[in-house]
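Residue strings, one per chain:
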Amino acid sequence: MLIVQHNNLSIAHALAHAQAQTHSQPHPFRPPLPRPRPRLSLKVKSSSTTSRSFAIFNPEKTTPFEEDPSTSASTLSSSSSSSFGSQFLFRLKMVAVDPYVFCTLFASFLGFMALCLLRRHNAGHKKEVTNSNNNLLREEARTSHDGDPRPVSGSGTDVVIVGAGVAGSALAYTLGKDGRRVHVIERDLTEPDRIVGELLQPGGYLKLIELGLQDCVDEIDAQRVLGYALFKDGKNTRLSYPLDKFHSDVAGRSFHNGRFIQRMREKAANLPSVRLEQGTVTSLVEENGTIKGVQYKTRDGQELKAYAPLTIVCDGCFSNLRRSLCDPKVEVPSCFVGLVLENCELPFANHGHVILADPSPILFYPISSTEVRCLVDVPGQKVPSIANGEMAKYLKTVVAPQIPPEIQQSFIAAVDKGNIRTMPNRSMPANPHPTPGALLMGDAFNMRHPLTGGGMTVALSDIVVLRDLLSPLRDLNDSASLCKYLESFYTLRKPIASTINTLAGALYKVFSASPDQARKEMRQACFDYLSLGGTCSTGPVALLSGLNPRPLSLVLHFFAVAIYGVGRLLLPFPSLKRMWIGARLISSASGIIFPIIKAEGLRQMFFPATIPAYHRTPPIKGDNKNI
């Protein structure tokens, strides 16, 4: 409240009279003002506590302000106070403006102040975020104890793939085609030269078609494979793939492993979202139990780190990263000795050849139009020395006499040529440790004996399963939810993978020679059972080829072979000795297959739908209820 003291009303009346004259006589060169709107009321209290009311530009009165009639002239003070009051009223009159204009100006001022404060806040927040990001990059770029800064690689990458073999290259193309930004790090990008991974079963070729990679077997002189020929003690039988229900192009393929891999690498690298780099991954980058990426060394020796929400390790059977991601129970039951036979005609064209030799099987299959791969299985981890000639002697004296006469000369010529190579055969069941931010694939994750050539079929099938699981997910940054969700991968892959794994392990043991009479009977029973034709041959071959990967069908056929062997022993007249051998045959068959099934997981193999992970749905961002 304002308290104004007046001593004399004459000045007030004079001002009021002048104001009235101004309103009553407009300027001759100015149009008359419109009727003013209602204005604010201001109460002024005098020193004698009597109130005075002023109406500022009251439309119902002609004077700009009016004296309260209850006010007495005796309550006003001296002339000095009168002078101050007159100045106050004059200034009050000068600032009396339209309230709408005043409110507009006041609101504009408040808005301007708010805008300035908001811009200042945003600028501070942006600076804070920038500083935070810079700190994060500096933290990621920090080096080891030597303190030298190392660059950070992989910014904006969705998936880092370690290894560009069959599994890594196919996976990179598949994820890149789905729009993922993929960084592949391979130790050596030159064409591989291996003696395994050269036979792709028809089931694997179907997966290749499903992934859009079927043209990778073109222009590499790949050979169609239509089945197997089985040899034992001078007898043979042909086992054809059951391809009647498939397109005419569907068959097995055999080729040089390196040519096939290079074709897949080229196709993956042609995608704009795939980056293929040569480097040696030395370790996984882990933070609070979550894998954030990998640390690797480039060709020029520079240490780098590649970061991504998901790291997939596909660095093959000699993986040095699998120990932190699974329980690696690796077994080496035997070694392959590899040769290349040139200008050799196999007894059965477009067929793989399996000789049930002593002590273990021998394989032949074409890898080009002029070359045939020979793989001689040598049990155990030690093989005769190549350097001192023991290997050549072993091949000529022990192996060559058991080979069909049509190819003996070509085999001996290949031994004399001297290009003999060895490769340990590894077997490892899939026993993963689910780890946020990381996944194992290919031979780094799961291996089986290469006798049946099922490794690439399992790897390509796993890629199809993983692709289907990841396809509904656009954001892979929630590592915990993604890890929980991808546990279903280990269950969904089991029917195909466990069937091929179990069959490979069981067949190798059955096909290998043994001094045990029951094992000898089992081996002969298997050859005779497959020679029967019909379901007895097409059923097992459909399992081996990946065309009918059903674990229950595998077990039924396996024990059908055992029962068939017992029947052969008991006919025409059973004896105690034969009955005893038959009982041991059943026991031996159980001892072969049940440990393999146990390692693969009985429930996952035969009843995958009873495992909760089998039914998990893709996680919704910010909601973990459905996982």
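Whatever comes next refers back to the structure up there.
Conventions we followed
- Residues numbered from 1 in each chain as written.
- Predicted model: local features only at pLDDT ≥ 70, side-chain atom pairs only at ≥ 80, totals over all residues.
- Heavy atoms only, no water.
- Helix = DSSP H or I, 4+ residues; strand = E, 2+ residues; numbered from the N terminus.
- Contact = heavy atoms within 4.5 Å.
- Areas by Shrake-Rupley, 256 points an atom, 1.4 Å probe, with all protein chains shown as cover.
- Pairing = 2+ DSSP bridges.
- Axes fitted to C-alpha atoms, helices over the stretch in contact; angles between N-to-C directions.
- Core = buried A, V, L, I, M, F, W, Y, C linked by side-chain atoms within 4.5 Å.
- Buried < 20%, exposed > 50% of the residue type's maximum accessible area, 1.4 Å probe, protein only.
- Arc of directions from axis to C-beta.
- Parallel < 35°, antiparallel > 145°, perpendicular 65-115°, else oblique.

> Tell me about the overall build of the chain, and name the residues and values.
A tally of helices and strands in the chain yields 17 helices and 20 strands. Residue pairs at least 24 apart in sequence account for 71% of intrachain contacts in the chain once pairs closer than 6 positions are excluded. Carbon and sulfur atoms make up 56% of the accessible area of the chain, which amounts to about 31,700 Å² in all.

> Provide a residue-level description of the sheet that holds strand 15 (residues 331–342), including the pertinent values.
One open sheet accounts for seven strands, arranged 9-8-16-17-18-15-19; its pairing is mixed. The sheet terminates laterally at strand 9 (235–240) and strand 19 (421–427), the two strands that pair on one side only. Within the sheet, the average angular offset between the axes of one strand and its neighbour, ignoring direction, is 20°. The pairing of strand 15 with strand 18 (residues 371–379) spans nine bridges and is antiparallel. Note on strand 18: the bridge partner recorded for S334 is P379.

> Explain the sheet that holds strand 7 (residues 223–225) to me, and be specific about the residues and the numbers.
With antiparallel pairing, the three strands of this open sheet are ordered in space as 6-10-7. Unpaired on one side and paired on the other, strand 6 (199–200) and strand 7 mark the two borders of the sheet. With two bridges connecting them, strand 6 and strand 10 (residues 252–254) associate as antiparallel partners. Looking across to strand 10, one finds that L200 is bridged to R253.

> Describe the nonpolar core, listing the residues and the values that go with them.
By size, the foremost hydrophobic cluster in this structure holds 68 residues, and its most contacted members are F260, V294, I312, L466, L470 and F489. Here the element with the most residues in this core is helix 9 (residues 455–470); it accounts for nine residues. Those residues in contact with L466, other than ones at most four positions away along the chain, are L171, I312, L439, M441, L486 and F489. With 56 residues, the next largest nonpolar core counts V225, L230, F527 and L585 among its residues.

> Describe in detail helix 8 (residues 408–417), supporting the description with residues and values.
Of all the residues in helix 8, the buried ones are S410, F411, A414 and V415. Looking down the long axis of helix 8, one finds its buried residues gathered within 140° of arc, a one-sided arrangement. Looking at the buried positions of helix 8, the neighbouring elements they touch are strand 15, strand 17 (362–366), strand 18 and helix 7 (390–399). With its phi angle positive at about 90°, G418 sits one or two positions after the end of helix 8.

> Which residues make up the environment of P361, and what are the values?
Following the sequence through the fold, P361 ends up in the loop between strand 16 (352–355) and strand 17. As a C-alpha pair, P361 and K509 span 148 residues in sequence and 9.9 Å in three-dimensional space. P361 has contacts with V354, I355, L375, V376, D377, L451, Y508, F511 and S512, leaving out every residue within four places of it along the chain.

> Break down the packing of helix 9 against helix 12 (residues 494–511) for me, with residues and values.
In a packed pair of helices, the relevant descriptors are the angle between the two axes and the axis-to-axis distance. Running from N to C, helix 9 and helix 12 cross one another at 170°; their axes reach a closest spacing of 9 Å. Relative to helix 12, the element helix 9 lies roughly antiparallel. Contact residues: helix 9 offers T457, V458 and S461, while helix 12 offers I496, A497, I500 and N501.

The values reported here are purely geometric and, on their own, carry no functional implication.
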